[in-house]
Amino acid sequence: MVDLFALIGVWTAAFLTLMVLSFLYKENPFYRLTEYVFVGLSSGYTFAATLRLFVNQALSPIFAGQLEFFVPLILGLLFYAQFTKRYSILYRVPLSLAIGYGLGITIWSVLQAYFLRQIRATMLPLFTGDILTTIGNLVIVIGTILTISYFILHREQKGVYGRFTKAGKYFVLATLGAVFGTTVLGRMALIIQRIQFLLGDAAFPWRALRIGTADEGRFVPIALLAFLIVFGFYMYRKRDVKPEKSTKT
Amino acid sequence: MKTLTSKEKRKMTKAEIILQIIIFSLGFFYAIVYYVRLPVPVLGTGNLQSAADQLFTYLTAILTGAFAIGIINLTRAHANNVKNRRPIWKYSVILLASMYFMAVASIIASPFSLDPQSTVIPKGVYAVFFSIWQFLYYNVLVSINATLFSLLAFFIASAAYRAFKARSLETSILLAAGLLVIIGQAPISNLIWPGFGTIRDWIMAFPNTAGQRGILIGAALGILAFSVRRLIRYPWGR
Amino acid sequence: MRKMDIASDPRLTYVLLILVIAVPILTHAVLPVPVTDTTRAVYDFIENLPPSSLVVVSFDYSTSTVPELQPQATIVAQHLFLRPLKILFVAQWIDGPALTDAVLEAIDRGNKIYGTDYATLGYIPNTATLIGMTADIQSFFPVDTLGNPTQNLPIIKQFPATRQAALVITFVAGEPGLSAYLQYWESRLNIPVAAGSVAALAPGFMPFYNSQQIIGILISIRAAAEYEFLEHAQYSQVPIGLSGATSAMVAQSTSHMLIVLMVVVGNVAYFVRRRGKERSK
Amino acid sequence: MYYRGAAVIEGSQAKAGVATSSDGIHWTKTAVLTMPAGSSGWDAYSRQVDALNIGGVMRSDNTYIMSYASIKSRNSPAQIGLASSSDGISWTPYPDNPVVTYGTSGGWDSGSGGVGAGNFAGSMILAARNQYYVYYAAQDPSGTFTIGVATLPLSIYPISQTTSTTSSSTVTSTVTSTVSTTSETSIIQQTTTTTTPVPQPFVLGSILPSLMIGRISQATLLVITLGGIFAVTRFASKRKLKTRGIPGIERLDNWIRQAGELGRPVFFTPGTGTIQTPDTLAALALLDHVASRCAQNGVRLIVANADFNVHQVTADIVKNAYKKAGREDLYTQDTVQYISVRQFAYAAGVMGLLRREKPALNVFVGDFQAEALEIAEAGRADAIAQFGGTSNVDQLPFFMATCDQTLVGEELFTAEGYLTDDPQTISKLVGPDAGKVIAILLIAAGAILVTLGNQVLTTLLRL
């Protein structure tokens, strides 16, 4: 059975999706409205989350009797000194605590995870029994060295050394090609799911997105039509009488 | 010519020296304790086995104190828009309204509700607000945000035809590698020739790994130098 | 009226893209998806986890990348619930807890009991919490997302600290995400890490797969379809449409082929026009 | 060759895994050690909660013998026990465990270091001169660590005479908290002399467990790398180092000249970064250069911003540039425009500007996210040239594919150094080169050594 509330929910979702997609035709107030509503809702939700954390982490230990948590509470409230004129420097006290511990743990973890571990993992045997792994290892060891050499900045990239860094640039380009290729996979996935939703396709993961259930989904195309009518009418009424300036030149 | 961006070496003010002492001492403490991993005897009564972990609980308590900074900044910015009737003031009103409405609804009934077991709030009110929050979150917020991001797929499609030209040897390498990866990851290519998939996996596993690792090592060195320099003197800037 | 050809007005390409995607969806076409090793590595690791191992699942993405990562999260969570494991749900992004609830509702949780077999701890606000929870969960998560004090939860009694985790899997769309677990859990405590990543970040994570810092990578919606195929093969009660990824594979293929076609055609037109200009000079 | 050994995870890790490896370098974790849930005995708590603190594992004939530490209840002191197993995965505890109890004499071994689940009671067992020796770490009240040793008769786990004699020859003075496979033990043996185990406490300093060797090697490598970086930085800031120059800068200048001849404007945008982002600072340096060139050639410049602070800085830069060239007339109200802080609104605004103004040259350098593609594609349609640059790898492909000239990653910062030719900026850039050279040398040396079969460098870095 179709639940009326869920149906309204699904229709609203469809209507909003189309309001955003209308940007493809032309930048218009429908689209701008969704932007502002999005920023409003996500900021409101973020505030609720950070408030709940403040209650759990800073207040409840005090209520539970650990009175030494008054100190962190006061230091935390110093953040709001930035809104005062005279004491605005004080907000840097809690900020420097965050900066300090951040720098401390970053130094070793970045050294181990991104420098040491990567160098050790590139120490691969250049000649192994199996031909495929040998080629693979050669590409990784030589490729990594050449890519690093490409980013060495203090020497002119000319002559023999220039040939090395040029080869390094080709590895960087192959990498950027891979990034370009996989980014297409990601972007297509985004639009495919939106079109699945707009067509009310049963294969759309309705419950995993908690929008409603498949049987309300069947009625989404009706919202599609409703929006086209409203949008078409709005565009017709709003079309510029005088031809656009740019077509003249 | 001295440009705006190069900062002359001005002397640190007294306040900055104190702040730098805080940053350096906390940073040095964590660098040592965190690396050497010797269990330093416990300060508080908690069952944590090292002072560093115990200190983390206090640090977290301090950092969560800044919970309202975001909402204050947004409110000030958009309240100004409304006050002096900027052209977009109507949108600012909508933004503020939706922000505060969502904040109230989420505080009452959402994964971040302040009273999840509805001890104070009666069950009925909680259920109503929960369905309001659910509608605002899953039907409105997710729909808008996911669609906003999906616009990018269209721009890739139009850029593919109008902008991605093999103008030079460099862009040709990039486009060749890109196209091979695109073909390789489309399941249909496996029916034409399974080799496409292996080519794509090979590009991802070897040349890409080499290039990414080179960039990663370069970035890691940048972060190391950047962090150590800030331990000694943090540029407070503006 | 301006000449509506494809070069000057991108809107024709938009319509083409919509058509190329809508047709396979309406015809419900299905395609077999070959499984890549980075996906199989994650599946095998979870399948071989010894009974009652602790798995930490971290939701590190927002509503904008739901289409890429929600299918992955759903199908992997279903796999974790099919095995005798203890699961803790956390999140480094604020949208995490809400997306976790949606996943938990979508999957079949079998006879698993909240508090004993799994629990949702909620949002990790900073690195201090992320490191601290490896030593003691209760100090950093006094209550779970439902408001129960964590010291009463049997799963927290059994695993007082996440350093005892047999695996942490992060569904990541950016920072903070995989880098935090790599730096503070894997390199310091040798806790195995798996990454479910948006496609744009996957190439950047390959060096970590090569250096075995992560045991595998699930790359965007295609990995969700592969994982669903593996899971359905072994646990037939898992429906094929659960993640919604398999049905998107045909549209995935047609849209990819359209992009390839347009780049090729675009370049051919470019070179023809350039040769024409050179000859006219 | 199939190596089989218990690569035990560091003492404090309650979970002990067995890893197998075919080449001694790459370990795959195959299974987690299991032990039947004990009765209410001395290690009830840890056995039930798997907080098994594995010490060392030795092998005699075909049985494995392990020493492990565990606790009776949540915060009680640790004690050491033994267990044996045939396959190394499922273990049966020694009937009258514990063999070593802490916290009795109040002296040097009064505590095990740490308390409760996180205790550090490291331990190991080996057979020598027909006796079992159990070494364990202990901490006295003042916090200094010492190694204690307990001896047990061979009868508790009878092993044939041959293995006991051969293992006696392998007695080493290094207490390895990780028992490594034969190939690795042989390496560590060469570096340390063998001393007869004398059952009195050793002070930690005198024995360097392998973990400590690892720590020291990593610490020295960090000191060398940082030392190199800051030495080069100091050296560079003294001598005016000419960096490798930027290919695009000359082309940029003549594109601006062409824009002047065509009488069309130049467009510039520094992206969505804040004033502290390195990319945005580099973009501002480039803007300084572009604005002064435009002023000299009498070209109209349009700048679009997403961040309000950046907007104010760009306005100052452009105004100064035009004033210096005496062309204030070109600087109008809408030369520098603030569009919007939100990603897609900013992109839409920029695309509108590009379509209306039809600039001859688009320069978009700085911190860009997904909106970069929209701008690059809209600009490509009308402009004669596009000049892009960012250090964000996810967006670089779209820059490369649509721009005539792109500053890739750190080239953006070199451009900043080159343009401002301020020794401070250049030296900060050139410093990390020292680390890059170290990385290249290490990788090359390591790869060659590994090819020749010598694992010393990889083992050193692994500890």
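In case you missed it, the structure is sitting above this.
Remember, predicted model here, so these are calculated numbers, not experimental data.

**Q** Looking at this model, I keep getting lost on the side chain of Q118 of chain A. Mind explaining?
**A** Here Q118 of chain A shows up in helix α4 (residues 92–121). For Q118 of chain A, a relative accessible area of 0% corresponds to the buried category. A polar atom in the side chain of Q118 of chain A sits 2.8 Å from the side chain of Q213 of chain C. Residues in contact with Q118 of chain A, not counting those within four places in the same chain, are A113 of chain A, R213, L216 and I217 of chain B together with P207, F208, S211 and Q213 of chain C.

**Q** Any chance you could explain the interface of chain B and chain A here in plain terms?
**A** Bring the parts together and some accessible area is lost; that lost area is often taken as the interface size. Tallying the contact residues gives 112 residues for chain B and 107 residues for chain A. Put simply, chain B and chain A have one salt bridge between them. In this structure, the connection of chain B to chain A is made through twelve residue pairs in polar contact (both at pLDDT 80 or more). Secondary structure elements with two or more residues in the side of chain B that touches chain A: α1 (14–36), α2 (51–63), α3 (69–83), α4 (89–108), α5 (123–162), α6 (169–185), α8 (195–205) and α9 (207–232) of chain B. If you tally residues by element for the side of chain B that touches chain A, the top one is α5 of chain B, at 23 residues.

**Q** I'm lost on the interface of chain B and chain D in this one. Help?
**A** Each side of the interface is counted separately: chain B has 36 residues, and chain D has 47 residues. Considering only the side of chain B, the residues that lose the most area to chain D are Y35, L221 and R229 of chain B, jointly responsible for 15% of the buried surface there. Taking the shortest distance from any N to any O, the salt bridge between R167 of chain B and D404 of chain D comes out at 3.8 Å. On inspection of chain B and its partner chain D, the count reaches two residue pairs in polar contact (both at pLDDT 80 or more).

**Q** Please explain the pairing of strand β2 (residues 86–91) of chain C as it appears in this structure.
**A** Within a regular strand, side chains alternate between the sheet's two faces. Residue and element names in this part refer to chain C. Taking burial as the measure, the six residues of β2 include six buried ones, the bulk of the element. The side-chain alternation of β2 yields two buried faces, one formed by K86, L88 and V90 and the other by I87, F89 and A91. By the bridge criterion, five bridges tie strand β1 (residues 54–60) to β2 in an arrangement that is parallel. Across the sheet, residue L54 finds its bridge partner in β2, namely K86. For the handedness criterion, the β-α-β arrangement of β1, helix α3 (residues 66–82) and β2 is classed as right-handed. As paired strands, β2 and strand β3 (residues 118–123) are joined by five bridges and run parallel to one another. Bridge assignment links V90 to a residue of β3, and that residue is G122.

**Q** How do you make sense of the packing of α4 of chain A against helix α8 (residues 178–189) of chain C when you look at a structure like this?
**A** The packing of two helices is summarised by the inter-axis angle and the distance between the axes. Two elements in contact, α4 of chain A and α8 of chain C, have axes separated by 10 Å at closest approach and are oriented at 90°. Comparing their axes, α8 of chain C and α4 of chain A come out roughly perpendicular. For the pair α4 of chain A and α8 of chain C, the contacting residues are I105, T106, S109, V110, Q112, A113, Y114 and R117 of chain A in the first and S179, L182, Q183, Y184, E186 and S187 of chain C in the second. Here the residues of the contact of α4 of chain A with α8 of chain C are counted per class, giving six nonpolar, six polar and two charged.

**Q** I keep staring at the state of the cysteines and nothing clicks. Help me out?
**A** Throughout this description, disulfide means a covalent bond between two cysteine sulfur atoms. Tallying each qualifying case throughout the model produces zero disulfides over all chains. The cysteine C294 of chain D is free of any disulfide, with C403 of chain D supplying the nearest cysteine sulfur at 17 Å.

**Q** It is not clear to me how the packing of aromatic side chains should be interpreted in this structure. Could you clarify?
**A** Here a ring pair, both rings aromatic, is described through the centre-centre distance and the interplanar angle of the planes. In the structure shown here, the tally under the stated rule is 51 aromatic pairs over all chains. Ring geometry for F59 of chain C and F89 of chain C: centres 6.3 Å apart, planes at 45°, overall tilted. Linking F59 of chain C in strand β1 with F89 of chain C in strand β2, this pair joins segments that are 30 residues apart in sequence. Accessibility assignment for this pair places F59 of chain C and F89 of chain C in one class, buried. Taken together, Y45 of chain A, F112, Y126, F130, W133, Y137 and Y138 of chain B together with Y123 of chain C form an aromatic cluster joined through their ring pairs. A cation over a ring is seen here: R85 of chain B above W89 of chain B, with NZ or CZ 4.5 Å from the ring centre. Note that R11 of chain C overlies the ring of Y25 of chain A, its terminal NZ or CZ placed 5.1 Å from the centroid.

**Q** Is there a simple way to explain the nonpolar core in this structure?
**A** Nonpolar side chains in soluble globular proteins tend to end up buried together. One finds Y137 and F164 of chain B to be the most contacted residues of the largest nonpolar core, which totals 274 residues. For this core, the element with the most residues is α5 of chain B, which contributes 20 residues. The next biggest cluster of nonpolar side chains, apart from the first, holds 42 residues, and it includes L153 of chain A together with L287, L412 and F413 of chain D.

About the thresholds
Residues numbered from 1 in each chain as written. Chains lettered and ligands numbered in written order. Predicted model: local features only at pLDDT ≥ 70, side-chain atom pairs only at ≥ 80, totals over all residues. Heavy atoms only, no water. Helix = DSSP H or I, 4+ residues; strand = E, 2+ residues; numbered from the N terminus. Buried < 20%, exposed > 50% of the residue type's maximum accessible area, 1.4 Å probe, protein only. Polar contact = N/O pair within 3.5 Å; in protein donor to acceptor, adjacent residues only side chain to side chain. Contact = heavy atoms within 4.5 Å. Salt bridge = Lys/Arg side-chain N within 4 Å of Asp/Glu carboxyl O. Buried area = accessible area lost by both parts, 1.4 Å probe. Pairing = 2+ DSSP bridges. Right-handed = clockwise from strand over helix to strand, strands pointing away. Axes fitted to C-alpha atoms, helices over the stretch in contact; angles between N-to-C directions. Parallel < 35°, antiparallel > 145°, perpendicular 65-115°, else oblique. Nonpolar A, V, L, I, M, F, W, Y, C, P; charged D, E, K, R; others polar. Disulfide = S-S within 2.5 Å. Phe/Tyr/Trp six-rings, centres within 6.5 Å; stacked < 30°, edge-to-face > 60°. Lys NZ or Arg CZ within 6 Å of the ring centre and 35° of its normal. Core = buried A, V, L, I, M, F, W, Y, C linked by side-chain atoms within 4.5 Å.

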